[in-house]
Structure formats: structure tokens, C-alpha cells
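Observations on the model geometry
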Amino acid sequence: MTNLERLKMECEGINFTDDKLIIYLEENDLNAIDNYDPSSKTNKKNILKTALSILESIANNVSNMKNYKTDDISISQFSENLNNRIDALDRKIRLIPSDEGFTDGASFIYMFK
């Protein structure tokens, strides 16, 4: 499985062209044709960062933030649900340790006297 195929699996139901997805992958230090390594925490983290970038792009489209109502179906709270998913994905990314043993966030040092 390539990185592009893994990204499509992560973003199932979101229809972007392969060219756009490749740009998103490259922005997150991934090559679309490289094999996806499920044992690499860094590879998984970069796939999730790419998915997060895609969701943020969708959130930037103002026309998606309207409430729609058809004959018997109402689509509302899209923006709220999308932002909740973005927050959850961001939290998940921060909790994945890197392969090198360093974290992307701040380091905490406890000093006692």
C-alpha cells in the first residue's frame, strides 16, 4: 500500500483529485508513491497530519458551513462536527510518540530541591 492509498483510506468519503492529495502529502514530508510503513510512528503521524490538513481545507470553505434542508432531510451543525473531528485528530496526532523518542510538543522537567 502506498502513502496515497493510505491517505485515501483515512479520508474515505472526501473526494479530492490525486493531484491535490499528492500536494497535501508532500507538504507533510511524504512521497505519494512510497510504501506506507504501518510500524513507523512517524509515517502514521504524517498521514494523520495530512488528513488534518485536508479537513482544515474543507473547514475553510464557507459554503460548507451553511445548514441545508431538503424535503425530508436536514443537514445542520456541519461546522461544529467538522471542528470536533479536527480537534480529535489534532489530539490523536499529539499523543503519537515519534520514532526517534522525541515529542513534538514541550518537554516537562520536574526539579526538586
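Presented here is a report on the structure given in the accompanying data block. (Residues numbered from 1 in each chain as written. Predicted model: local features only at pLDDT ≥ 70, side-chain atom pairs only at ≥ 80, totals over all residues. Heavy atoms only, no water.)

Quick look at the packing of helix H2 (residues 18-27) against helix H3 (residues 41-59)
- Relative to each other, H2 and H3 sit at 125°, their axes nearing to 9 Å. In terms of orientation, H2 and H3 fall into the oblique class. Of the two possible hands of crossing, H2 and H3 adopt the one that is right-handed. Where H2 approaches H3, its residues Leu21, Tyr24 and Leu25 are matched on the opposing element by Ile47, Thr50, Ser53, Ile54 and Ser57. (Axes fitted to C-alpha atoms, helices over the stretch in contact; angles between N-to-C directions. Helix = DSSP H or I, 4+ residues; strand = E, 2+ residues; numbered from the N terminus. Parallel < 35°, antiparallel > 145°, perpendicular 65-115°, else oblique. Left-handed = near helix turned anticlockwise from the far one by under 90°. Contact = heavy atoms within 4.5 Å.)

Things to note about H3
- For H3, which comprises 19 residues, the first-to-last C-alpha distance of 27 Å matches the rise-based estimate of 27 Å (1.5 Å per residue) to within 8%.
- Residues of H3 that are buried: Asn43, Lys45, Asn46, Ile47, Leu48, Thr50, Ala51, Leu52, Ser53, Ile54, Leu55 and Ile58.
- Considering only its buried residues, H3 is in contact with helix H1 (3-10), H2 and helix H4 (78-95). (Expected span 1.5 Å × (residues − 1). Buried < 20%, exposed > 50% of the residue type's maximum accessible area, 1.4 Å probe, protein only.)

A closer look at unusual backbone geometry
- Although it is not a glycine, aspartate 29 sits at a positive phi angle of roughly 60°.
- Note on placement: aspartate 29 falls in the loop between H2 and H3.

Some remarks on the packing of aromatic side chains
- Per the counting criterion, the structure on display carries one aromatic pair.
- Ring plane angle 10° and centroid distance 6.0 Å describe the contact between phenylalanine 16 and tyrosine 24, whose orientation is recorded as stacked.
- Stacked on the ring of tyrosine 36, the Lys or Arg arginine 6 has its end atom at 5.4 Å from the ring centre.
- The ring of phenylalanine 16 carries the charged tip of lysine 20 above its face, separated from the ring centre by 5.6 Å. (Phe/Tyr/Trp six-rings, centres within 6.5 Å; stacked < 30°, edge-to-face > 60°. Lys NZ or Arg CZ within 6 Å of the ring centre and 35° of its normal.)

Regarding the environment of aspartate 87
- Structurally, aspartate 87 can be placed in helix H4.
- Its relative accessible area of 44% is what places aspartate 87 among the partly exposed residues.
- Residues aspartate 87 and leucine 52, spaced 35 residues apart in sequence, show a C-alpha to C-alpha distance of 9.2 Å.

As for H1
- Asn3, Leu4, Arg6 and Leu7 are the residues of H1 that are buried. Viewed along the axis of H1, the buried residues span an arc of 160°, placing them on a single side of the element.
- Where H1 is buried, its residues touch H2 and H3. (Arc of directions from axis to C-beta.)

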